[in-house]
Each structure stands twice: as C-alpha cells, then as structure tokens.
Amino acid sequence: MPKATFLGHSAFYLEGKKGRIIIDPFISGNPTAKVKLQDIKVDYVLLSHGHGDHIGDAMEIAKANRATIVAPFELANYCANKGASVHAMHIGGAHQFPFGRVKLTIAHHGSAAPDGTYVGNPCGFLVTMDGKTFYHSGDTGLFYDMKLIGELNTIDLAVLPIGDNFTMGIDDAAKAVEFLKPKMAIPMHYRTFEVINVDPAEFVKKVKALGFNGQVLAIGSSYEF
Ligand code: NI
Ligand code: MN
C-alpha cells in the first residue's frame, strides 16, 4: 500500500512500490515543518502552482536528488529556466511515470512565482500508485467539477485545504468531500499562518457528520492508503 506522509502546510511525501515523490515541498520556510531538507529522497517533485508556500524548496530538492519537477507547462518552463529537469503537463492531461500515473485537475486560484513571474494556471493532482488513487487539490476554492472527479475516480485518499481566506474553508472543504467521495479525507493548508488558523478537528467532525471518513494527520505522520 502506498504511504502518504504529511510534511506540513500542503507538502506531502508519497512512497509506493515503484517510486517516491514529494508534492508542494514548502519546508525550510515553514517553521512548523519537521523534516530536514537533506533527508528528503525523491524521484519526482510535483508542483501545483508557483506561490512560495508551494514551490518552496522544489529547486533545491530537485537538484540534490536529480529529481524531475512535474508541473503545469508555464511553471515547468520557469523551473527549467532556473536549471531543473522538468516534465510539463497541463490540466486534463495524464501521464504514466515510473512511480505511477499523474493527472492534472483544475484549481481555482492564482499562480505567480515568488519573484512575481506569472506562471500560468494552478492545478490539482490525481496520483495513482500501486493501484491506489490520491487526490491533492492544490490551493483552490470549492468547484462543482469535484463531483465529476469523484464520479470518474475511486479516490482512496483526498487532501484538501481548509484554512479559508486563500482557499476553501472548513464548510466548503466538507462539501468537497461530499462531491469527491474519498475513502479518507485529510485536511491541509491550515495554521501555518495566522490568517489560516482554523481547527482541523472541526473539519473532521463535519466530514464524519456527512458519513465520510476524515482524519487529522500530525506533521510528520503517515497514512497508508
Ligand atoms: Ni497559493
Ligand atoms: Mn498556498
């Protein structure tokens, strides 16, 4: 069974039989992160958008591991121009990588790099490893197409932002769970900054009231899906 480890904020490390990846590795700039950059060993780095709290340490991790960055086309080009090896994709497209299959989904948000360069549209990811499907929505507001994502995919684990202000808040994230029907929902993108200081237990309570499974994953903890 593949394993997802929460590294804080929206950063997840996924380990399957055929490879290891990291998504949105905001580590050194995140005071709540526990893992050390030099301890991260991955084959691929997936980036949902260019904001600093997502692109994070992607360049350093990619270079240190000779890992490939997978991102929407404009963001991939931005990373390639800075010396990373990249695999560009775009929304609606899927690709089979050695570790598993990745499909890019829509996300309603912005995507500028920390230096102000605009790097296209943000995305979410459906990652299928060892026959199990993980959905990382990226930063997004609630959107009705999540219902379609839930219809077309059996989602074993969904990770969703709940912090409000920049993304869905708790009520909208609970509605997203209703649309996606994942076997397990785990909250992300909360408490890192004062403005997104919400209680993840509240999200779990609402998800359970709707008849779904939710769980708060402590930073550094893993969930097998
Ligand atoms: Ni963002
Ligand atoms: Mn963010």
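The structure contained in this document is the topic of the report that follows. The structure presented is a predicted model; accordingly, all values stated were derived computationally and were not measured.

## With respect to the layout of surface pockets
Empty space left among the atoms is revealed by rolling a probe the size of a water molecule over them.
Moving on, step 1. In this structure, the largest pocket occupies an estimated 170 Å³ of space.
Moving on, step 2. Counting residues per element, the ones that place at least two in the lining of the largest pocket are β8 (100–106) and α4 (146–152).
Moving on, step 3. The element contributing the most residues to the lining of the largest pocket is β8, with four residues.
Moving on, step 4. Classifying every residue of the lining of the largest pocket by side-chain character gives seven nonpolar, three polar and two charged.

## Some points on the nonpolar core
Moving on, step 1. Counting 50 residues, the largest nonpolar core has Leu-46, Val-127, Phe-134 and Tyr-135 as the members making the most contacts within it.
Moving on, step 2. Of the residues forming this core, the biggest block, six residues, is contributed by helix α5 (residues 170–180).
Moving on, step 3. Excluding residues that lie within four positions of it along the chain, Val-127 makes contacts with Leu-14, Ile-21, Ile-23, Leu-46, Phe-99, Arg-101, Val-102, Lys-132, Thr-133 and Phe-134.
Moving on, step 4. Within the second largest apolar cluster, 25 residues are counted, among which are Ile-40, Ile-69, Ala-76 and Tyr-78.

## Focus on the coordination of the nickel ion (ligand 1)
Moving on, step 1. Those protein atoms acting as donors to the nickel ion (ligand 1) are His-49 (NE2), His-51 (ND1), His-109 (NE2) and Asp-139 (OD), and they sit at 2.2 to 2.3 Å.
Moving on, step 2. Every donor counted, the four donor atoms about the nickel ion (ligand 1) form angles of 86 to 176 degrees at the centre, which fits irregular coordination.
Moving on, step 3. Between consecutive donors of the nickel ion (ligand 1), the numbers of intervening residues give the motif H-x1-H-x57-H-x29-D.
Moving on, step 4. Separation of the nickel ion (ligand 1) from the manganese ion (ligand 2) amounts to 3.1 Å, with Asp-139 serving as a shared donor to the pair. Note that His-51 is positioned in the loop between β4 (44–46) and α1 (52–55) and His-109 in the loop between β8 and β9 (123–129), a separation of 58 residues in sequence.
Moving on, step 5. Overall, the relative accessible area of 24% leaves His-51 in the partly exposed class.

## Focus: the coordination of the manganese ion (ligand 2)
Moving on, step 1. In this structure, Asp-53 (OD), His-54 (NE2), Asp-139 (OD) and His-189 (NE2) serve as the protein donors to the manganese ion (ligand 2), at separations of 2.1 to 2.2 Å.
Moving on, step 2. Along the chain, the residues that donate to the manganese ion (ligand 2) are spaced as D-H-x84-D-x49-H.

## A few points about the pattern of salt bridges
Moving on, step 1. Overall, the coordinates contain six salt bridges when judged by the stated rule.
Moving on, step 2. Of the charged contacts, one joins Asp-156 and Lys-183 as a salt bridge, the two residues approaching to 3.2 Å between their closest N and O atoms. Here Asp-156, found in the loop between α4 and β11 (157–161), pairs with Lys-183, found in the loop between α5 and β12 (185–188); they are 27 residues apart in sequence, far enough to count as distant.
Moving on, step 3. Its salt-bridge partner being Asp-171, residue Lys-206 comes within 2.6 Å of it at the nearest N-O pair.

## Details of the packing of α5 against helix α6 (residues 200–209)
How two helices pack is summed up by the angle between their axes together with the distance between the axes.
Moving on, step 1. Interhelical geometry of α5 versus α6 gives an angle of 40 degrees and a closest axis separation of 9 Å. With respect to each other, α5 and α6 are oriented oblique. Crossing of α5 over α6 shows right-handed handedness. From α5, Ile-170, Asp-171, Ala-173, Ala-174 and Val-177 reach across to α6, where they touch Glu-202, Phe-203, Lys-206 and Val-207.
Moving on, step 2. Each residue belonging to the contact of α5 with α6 can be placed in one class, and the counts come to six nonpolar, no polar and three charged.

## As for a nonpolar patch on the surface
Moving on, step 1. There is a patch of nonpolar side chains on the surface, built from Phe-166, Phe-193 and Val-195 and spanning about 260 Å² of accessible area.
Moving on, step 2. Secondary-structure assignment places Val-195 in the loop between β12 and α6.

## Side note on the sheet that holds β11
Moving on, step 1. Within the open sheet, the six strands sit side by side as β7-β8-β9-β10-β11-β12. Their pairing is mixed. Sheet topology places β7 (94–97) and β12 at the edges, where each strand pairs with a single neighbour. Across this sheet, the average inter-strand angle for adjacent strands is 20 degrees, counted without regard to direction.
Moving on, step 2. Pairing geometry for β11 and β12, over four bridges, is parallel.

The rules behind these values
Residues numbered from 1 in each chain as written. Chains lettered and ligands numbered in written order. Predicted model: local features only at pLDDT ≥ 70, side-chain atom pairs only at ≥ 80, totals over all residues. Heavy atoms only, no water. 1 Å grid on protein atoms, 1.4 Å probe; cavity = no way out; pocket = protein on both sides within 12 Å on 5 of 7 lines; lining within 4 Å. Points joined across faces, edges and corners; volume = space filled by probe spheres on them. Helix = DSSP H or I, 4+ residues; strand = E, 2+ residues; numbered from the N terminus. Nonpolar A, V, L, I, M, F, W, Y, C, P; charged D, E, K, R; others polar. Core = buried A, V, L, I, M, F, W, Y, C linked by side-chain atoms within 4.5 Å. Buried < 20%, exposed > 50% of the residue type's maximum accessible area, 1.4 Å probe, protein only. Contact = heavy atoms within 4.5 Å. Donors = N, O, S within 2.8 Å, 3.2 Å for Na, K, Ca; no water. Tetrahedral: all angles 85-135°; square planar, octahedral: opposite > 155°, others 65-115°. Salt bridge = Lys/Arg side-chain N within 4 Å of Asp/Glu carboxyl O. Axes fitted to C-alpha atoms, helices over the stretch in contact; angles between N-to-C directions. Parallel < 35°, antiparallel > 145°, perpendicular 65-115°, else oblique. Left-handed = near helix turned anticlockwise from the far one by under 90°. Patch = residues over 30% accessible without salt bridge, like charges linked within 9 Å, V, L, I, M, F, W, Y side chains within 5 Å. Areas by Shrake-Rupley, 256 points an atom, 1.4 Å probe, with all protein chains shown as cover. Pairing = 2+ DSSP bridges.

That's the geometry; what it means functionally is another story.
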